[in-house]
Amino acid sequence: MPSAHPSPAPSPSPSASPSASVSSSASASASPSSPPSPSLPVLDLSQADDPALRDSFRKELHAAARDSGFLHLTGHGITAAETARILELTRAFFALPEADRLAVSNLNSPHFRGYTRIGHELTGGASDWRDQLDVGAEREAREVGPDDPAYLWLEGPNQWPAALPELRDAVLGWQSRLAAVAHRLLQELLASIGAPADFFDAAFADRPHLHTKLIRYPGSAPTGTDQGVGVHKDYGFLTLLLQDSVGGLQVVRDGAFLDVPPLPGAFVVNLGELLEIATEGYLTATDHRVVSPAGAVERFSVPFFYNPRLDAVIETVPGDYLDAAPGIAHDASNPLHAEYGRNELKGWVRAHPAVARRWHPELTGA
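Cut-off values and rules
- Residues numbered from 1 in each chain as written.
- Predicted model: local features only at pLDDT ≥ 70, side-chain atom pairs only at ≥ 80, totals over all residues.
- Heavy atoms only, no water.
- Salt bridge = Lys/Arg side-chain N within 4 Å of Asp/Glu carboxyl O.
- Helix = DSSP H or I, 4+ residues; strand = E, 2+ residues; numbered from the N terminus.
- Buried < 20%, exposed > 50% of the residue type's maximum accessible area, 1.4 Å probe, protein only.
- Expected span 1.5 Å × (residues − 1).
- Phe/Tyr/Trp six-rings, centres within 6.5 Å; stacked < 30°, edge-to-face > 60°.
- Lys NZ or Arg CZ within 6 Å of the ring centre and 35° of its normal.

*Asks:* Can you walk me through the pattern of salt bridges in this structure?
*Replies:* Here the structure, examined in full by the defined rule, presents 17 salt bridges. The residue Arg58 makes a salt bridge to Glu188 at a minimum N-O spacing of 2.7 Å. Residue Arg58 is located in helix α2 (residues 54-67), and its partner Glu188 is located in helix α5 (residues 167-192); the two are separated by 130 residues in the primary sequence. A relative accessible area of 24% means that Arg58 is categorised as partly exposed. We classify Glu188 as buried; its relative accessible area is 5%. Note that Asp131 is salt-bridged to Arg101, the shortest N-O span being 3.7 Å. Remark: Arg101 occurs in helix α4 (residues 98-102) and Asp131 occurs in strand β7 (residues 131-136); sequence separation between them is 30 residues. Of the two residues examined, Asp131 and Arg101, each falls in the buried class. Salt bridges linked by common partners bring Asp49, Arg58, Arg184 and Glu188 together as one network.

The structure is reproduced here in structure tokens:
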């Protein structure tokens, strides 16, 4: 995905084989009489509003961010009706005739916005068996001169299907709602490690680079591969994921893959690499993937990526926690830049090479 970079997959232990664990998650999610136990910490964001609970909430948030970089978030204020509506419209989009979806193909967009056909996004150089609609902040295209940073191409208008006109307002409204949740969570996260809660406010105050994906995993690939999306880390700040009731998300824990069964009413939250970099490795961005559902079972999800303006330069967050920070492990195959937009553009070019070749051949070496 473009807010991510690929990582080598760990060898799962016999007790956590991908096929067996995903199968058990899916069946557990489908059984109302035996809901699965959460595999990640569950945190209630509303506790941050209660002076009597705030300290304990921050301690739990600190531990989750430090130990795994993943958690379930409740108490966020997003209603069941809102989540049901966005999932309903997600299913409606993918139920449109293929011609209507291809009318908003991302191949039409120099901003990498729009619909990606099944198998046409890459993670780690391999095709992800899913299709999706990418939506960003709705803005006019920037005029990009020869001396301007190329990442300015990432701002511009979205593409919306004429056959589903209600989708535009619903997705942009959803994006705005989740940005507010993510902003509050980021402030609480910084406070939890003893840092200034408003340290990144300026980086997000003007033109934050928001990104929402509507995703369908259409079941097993004809080739037999189970890569719904390959192993990767998100390289931004925060991701808030809405899952339907079908399992498949897995995170790496102790060198093996751990299922993350859907938890009704909760978002799955994970930290991106920019937070790891900004805290000198103290906070954790964790490898994760999605294994395709079996057979013809479809899985729908709506991840939201909360990231700063493209020209934001990420500085180290001050605080005593730095005494325990291990430092950053640099990956020569995936250099990370202080200027956020350079990381974002790199991800899009790698994940969507056909779009890059059509609109930005100078970025591909073509």
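*Asks:* How should helix α8 (residues 340-351) be read in this particular structure?
*Replies:* Every α-helical turn comprises 3.6 residues, leaving residues that sit three or four positions apart pointing alike. If you check α8, its first and last C-alpha atoms are 17 Å apart, about what 12 residues at 1.5 Å a residue would give, namely 16 Å. Of all the 12 residues making up α8, 10 are buried; the element is thus mostly covered by neighbouring parts of the structure. Listing the buried residues of α8 in full gives Tyr340, Gly341, Asn343, Glu344, Leu345, Lys346, Gly347, Trp348, Val349 and Ala351.

*Asks:* Would you explain the packing of aromatic side chains in this entry?
*Replies:* For any two aromatic rings, the description comes down to two numbers: the centre-to-centre distance and the angle of the planes. All told, the structure shown has 11 aromatic pairs when counted by the stated rule. Centre to centre, the rings of Phe93 and Phe94 are 5.0 Å apart; their planes meet at 80 degrees, and the pair counts as edge-to-face. The two residues Phe93 and Phe94 agree in class, both being buried. With a centroid separation of 5.1 Å and an interplanar angle of 80 degrees, the aromatic rings of Phe199 and Phe200 are classed as edge-to-face. On the accessibility criterion, Phe199 (26% relative accessible area) is partly exposed. One Lys or Arg, Arg66, reaches over the ring of Tyr282 and ends 4.1 Å from the middle of that ring. Above the plane of the ring of Phe257 lies Arg289, whose end atom (NZ or CZ) is 3.4 Å from the centre.

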